[in-house]
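Residues per chain are reported as follows:
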Amino acid sequence: MKMKRVAEAFQALEATSRRHGMSGILGKLFRETPKEQIDKLIYLLHGRLGPPYAAPDFGVDERLILLALTNASGVPHDRVERLYKEKGDLGLTAEELAHGSGERLDFGAVFDALNRIANATGAGAHERKVAVLTDLIKRASGIEARYILRILQGKLRLGVGDATIMDALSEAAVGGRGIRERIERVYSICSDLGLVGRLLLTQEEKALDTIRPQVGKPILAALAERLPSPDAIVRKMGMVAAEPKYDGLRLQLHKDDAQIRFFTRRLEDVTGMFPELAKATEHQITTERAIIDGEAVVYNPETGEFLPFQVTVRRKRKYGIEVMGARYPLRYFAFDLLYFDDEDLTQKPLSLRRQRLEEILRWTAGDPIQITEQVVTDKTEELERFFEENVTRGLEGIVVKRLGGVYQAGQRNFNWVKLKRGYHAELRDTVDVVIVGYLTGKGKRARFGIGSLVGAIYDPEHDRFRTVTKIGSGLTEVEWAEMRRLLDENRSSGVPGRVDSSIVPDVWTEPRYVVEVRADEITRSPRHTCGKVGKEPGYALRFPRVISFRWDKGPEDATTEQEIIEMYEAQQLVAGEAPQRKPGGPKRAA
Ligand code: AMP
């Protein structure tokens, strides 16, 4: 397949905002793609060379790209730089400078060249990267050069989510949504959509059944629903296991003999951040292979008190991890065992998974890895007591799990329910919003060029982001400046593909960064599109402020529209007013 065909499809995707339109374009492209290249195409749709946890960095910067552009075009370097200044975008600069016919540029060859660029390391790496890129640009036509450079810069923003790719795969394989659910199920086990696509389209559909949990490949995290009270929980879930809810970093631990790795819920490999946990794993986990789910939290060694998420993730910095380790020691609370030795436990009931976890983990009170405390009950009063105890200890609340429930990878449902402090009174629970733009602001903040953020929630059914708030507080001056820098790198020339907004910010940005926001309450508002259907008002957060930057969450991990509506209704119940709406999400056409 020609790279030109792919680049044209990318352009068509950029111009389409409806999920249905996108999956149509993609389904057609998948059918035309040689089967052995399907996985490569799927990776490149996200601008990567592999699944998120195993894709190498390209290791190229602006200077390297400008040099390759100069070499390839024969245009003097200062003119290339001037053109770049004028366009403000390397992709568009390359498009103007590239004069290749593109006729002989094959998609597979482009993928291989990108791989060679990423894999060039050590002595002479810079020169080799420049040489491969120069050759690519020479052969590329304008539109191909534009997309190749956007990929290299991590700026390919087609607005295509995993959900849309799965729609398109089902479409390409069976001409409709017939196997959509099956695709999602196996994807949630291996987190590698390229692998799923390749198996599906090169072999028969039943090849999907060969996908099993594998140590080294993260499993999508199970997620929790909300219910307003212990009483509602007992009525809905029956016999449950309740655990403290730690405000830390969700970490999936993979042990394969001496190979130990940690993944975030965004599937990022963060092994380097936790050397002491890797060491503890060797001693404390007694099986050769295991996949464990849990939460890492830092604590104050003097008081024993747990510190909030923002402190835990300071370890994200690549340097000073040892210093951080001494100042902020870490506990890892293991709460689930998904796999051990060669046994897949995801489809077994929680009670059995927990029993196995206790068998394979060796720990005493001071150890870095511990098992979460658990109370098994079907009594409201007992649940209430456990909840109050944990809130008094300073924790966020509890997570309550159906004792007979399987591990539902990637799913948010009533197998797990979170009960956080604040459901009883005003809105003290936080909301995770995706930033889709910003306003430049007036007064004091105007000199930073950023005054407030436009935050959106996610609607998974339609794969859309809808606005719910404008946030102007909670960040320091330095953080505002940093936020602006990040957002500017992520600008969109118009309304981003999957965003519904009636607010027009000064700068639109691709939905990418998630911030945790605290607000006083949720109100109905005609200004926001969250929950808005027809002439009905939408929902808005009142008095919002940023609590933390959630780099561990992807845009699709933001609070959902449905959750906002449920939080609103819980709030109405507390205020003594019955909700007006029938249960279920807002009814919109798909
Ligand atoms: P939230 O991020 O508010 O949707 O809450 C769900 C998150 O709570 C999970 O993704 C975990 O990171 C975290 N968590 C803390 N303690 C537990 C626990 N005992 N079981 C499950 N999740 C937990």
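Source: prediction; values computed, not measured.

Glancing now at the overall build of the chain. If you tally the helices and strands in the chain, you get 20 helices and 21 strands. Relative to the globule expectation of 25 Å for 590 residues, the C-alpha radius of gyration of the chain, 25 Å, shows essentially globular dimensions. Referenced to the eigenvectors of the C-alpha coordinate spread, the extents of the chain come out at roughly 75 × 55 × 55 Å. Per-residue burial over the chain gives 56% buried out of 590 residues. Residue pairs in contact within the chain that sit at least 24 positions apart in sequence constitute 71% of those at least 6 positions apart. Just so you have it, the chain exposes about 25300 Å², and 49% of that area is on carbon and sulfur atoms. Between the centroid of the 91 positive side chains of the chain and the centroid of its 87 negative side chains there is a distance of 4 Å.

Core analysis: the biggest nonpolar cluster contains 94 residues, and Phe 30, Leu 69 and Leu 114 have the highest contact counts within it. The residue makeup of this core includes at least three contributed by each of domain 1 (3-153) and domain 2 (223-419). Counting residues in hydrophobic clusters, the runner-up holds 33 residues, among them Ile 292, Tyr 328, Tyr 332 and Ile 371.

Bringing the site of the ligand into the picture now. Around the ligand sit 14 residues, and of these Glu 243, Arg 250, Glu 295, Lys 401 and Lys 418 come closest. A distance of 2.8 Å is found between a nitrogen atom of the ligand and a side-chain nitrogen or oxygen belonging to Lys 401. If the ligand stood free it would expose 490 Å²; the protein chains cover 93% of that surface. Breaking the shell around the ligand down by element, the ones donating at least two residues are strand S2 (240-245), strand S10 (397-402) and strand S11 (412-420). Its residues assigned to classes, the shell around the ligand shows five nonpolar, no polar and nine charged.

Scanning the model with the defined rule gives 11 aromatic pairs in all. Judged by centre distance (5.6 Å) and plane angle (85°), the ring pair of Phe 10 and Tyr 147 falls under edge-to-face. One end of the pair, Phe 10, is in helix H1 (residues 3-14); the other, Tyr 147, is in helix H9 (residues 142-152), and 137 residues separate them in sequence. In this structure, Phe 10 and Tyr 147 share a single accessibility class: buried. Considering the side-chain rings of Tyr 53 and Phe 263, the 6.0 Å spacing of their centres and the 80° angle between planes classify their relative orientation as edge-to-face. Of the two residues, Tyr 53 sits in the loop between helix H3 (38-45) and helix H4 (62-73) while Phe 263 sits in strand S4 (residues 259-263), which places them 210 residues apart along the sequence. The residues Tyr 53 and Phe 263 share a single accessibility class, namely buried. Following the ring pairs from residue to residue traces out a cluster consisting of Tyr 246, Phe 306 and Phe 333. A cation over a ring is seen here: Lys 401 above Trp 416, with NZ or CZ 4.1 Å from the ring centre. The ring of Tyr 568 has Arg 524 lying over it, and the distance from NZ or CZ to the ring centre is 5.9 Å.

What follows covers the pairing of strand S6 (residues 330-340). Of all 11 residues making up S6, 11 are buried, and the element is well covered by its neighbours. Inspection of the sheet shows S6 paired to strand S8 (residues 369-371) by three bridges, in the parallel sense. Following the sheet pairing, Tyr 332 is matched in S8 by Ile 369. In the sheet, S6 pairs with strand S7 (residues 343-344) via two bridges, with the strands oriented antiparallel. Looking at S7, one finds that Phe 340 is bridged to Glu 343. Here S6 hands over to S7 after two residues, with Asp 341 in that stretch at a positive phi of 45°.

The next thing to look at is the environment of Arg 527. Within the secondary structure, Arg 527 is located in the loop between strand S19 (521-525) and strand S20 (538-542). Separated by 10 residues in the primary sequence, Arg 527 and Pro 537 have C-alpha atoms spaced 7.6 Å apart. Apart from residues no more than four positions distant in its own chain, Arg 527 is found in contact with Thr 467, Lys 470, Ser 502 and Ile 503.

Before going further, it helps to spend a moment on the domain arrangement of the chain. Here the domain parsing of the chain yields domain 1 (3-153), domain 2 (223-419) and domain 3 (430-574). Computed over C-alpha atoms, the centres of domain 1 and domain 2 are 40 Å apart.

Looking now at the sheet that holds S11. Backbone-to-backbone hydrogen bonds pair the strands of a sheet. The strands run either parallel or antiparallel. A sheet is described by the order of its strands in space; here five strands give the open sequence S1-S11-S10-S2-S9, paired in mixed fashion. Of all the strands in the sheet, the pair left with one neighbour each is strand S1 (223-226) and strand S9 (375-377). Here the strands of the sheet are splayed against their neighbours by 40° on average, with no regard to which way each runs. By the bridge criterion, five bridges tie S10 to S11 in an arrangement that is antiparallel.

What follows covers the side chain of Asp 192. Positionally, Asp 192 belongs in the loop between helix H11 (180-190) and helix H12 (193-202). Residue Asp 192 is classed as buried on the basis of its relative accessible area, which comes to 4%. A polar atom in the side chain of Asp 192 sits 3.2 Å from the backbone nitrogen of Gly 194. Setting aside its immediate chain neighbours within four residues, Asp 192 contacts Tyr 43, Pro 51, Tyr 53, Tyr 187 and Lys 217.

Let us look at the side chain of Lys 129. Residue placement: Lys 129 occurs in helix H8 (residues 125-139). One buried charged side chain, Lys 129, makes no salt bridge at all; its nearest oppositely charged neighbour is Asp 57, positioned 9.2 Å away. At 2.8 Å, the side chain of Lys 129 forms a polar contact with the backbone oxygen of Ile 117. Once you skip the residues sitting within four places of it in the chain, Lys 129 turns out to touch Phe 58, Gly 59, Val 60, Leu 64, Ile 117, Ala 118 and Ala 120.

Summed over the entire model, instances satisfying the criterion amount to 51 salt bridges. When the shortest N-O distance is used, the salt bridge between Arg 82 and Asp 78 registers 3.8 Å. Within this pair, Arg 82 and its partner Asp 78 are both found in helix H5 (residues 77-87), separated by four residues, close to a single helical turn. In this structure, the salt-bridge partner of Arg 464 is Asp 500, at a minimum N-O distance of 2.6 Å. Taken together, the residues Arg 464 in strand S14 (residues 464-471) and Asp 500 in strand S16 (residues 499-500) connect sequence positions 36 residues apart. You can call Arg 464 buried: its relative accessible area is 3%. Overall, Asp 500 belongs to the buried group, its relative accessible area being 16%.

About the criteria used
- Residues numbered from 1 in each chain as written.
- Predicted model: local features only at pLDDT ≥ 70, side-chain atom pairs only at ≥ 80, totals over all residues.
- Heavy atoms only, no water.
- Helix = DSSP H or I, 4+ residues; strand = E, 2+ residues; numbered from the N terminus.
- Rg over C-alpha atoms; globule rule 2.2 N^0.38 Å.
- Buried < 20%, exposed > 50% of the residue type's maximum accessible area, 1.4 Å probe, protein only.
- Contact = heavy atoms within 4.5 Å.
- Areas by Shrake-Rupley, 256 points an atom, 1.4 Å probe, with all protein chains shown as cover.
- Lys, Arg positive; Asp, Glu negative; His and termini not counted.
- Charge placed at Lys NZ, Arg CZ, Asp CG, Glu CD.
- Core = buried A, V, L, I, M, F, W, Y, C linked by side-chain atoms within 4.5 Å.
- Domains from an automatic or database assignment.
- Near = heavy atom within 4 Å.
- Polar contact = N/O pair within 3.5 Å; in protein donor to acceptor, adjacent residues only side chain to side chain.
- Nonpolar A, V, L, I, M, F, W, Y, C, P; charged D, E, K, R; others polar.
- Phe/Tyr/Trp six-rings, centres within 6.5 Å; stacked < 30°, edge-to-face > 60°.
- Lys NZ or Arg CZ within 6 Å of the ring centre and 35° of its normal.
- Pairing = 2+ DSSP bridges.
- Axes fitted to C-alpha atoms, helices over the stretch in contact; angles between N-to-C directions.
- Salt bridge = Lys/Arg side-chain N within 4 Å of Asp/Glu carboxyl O.

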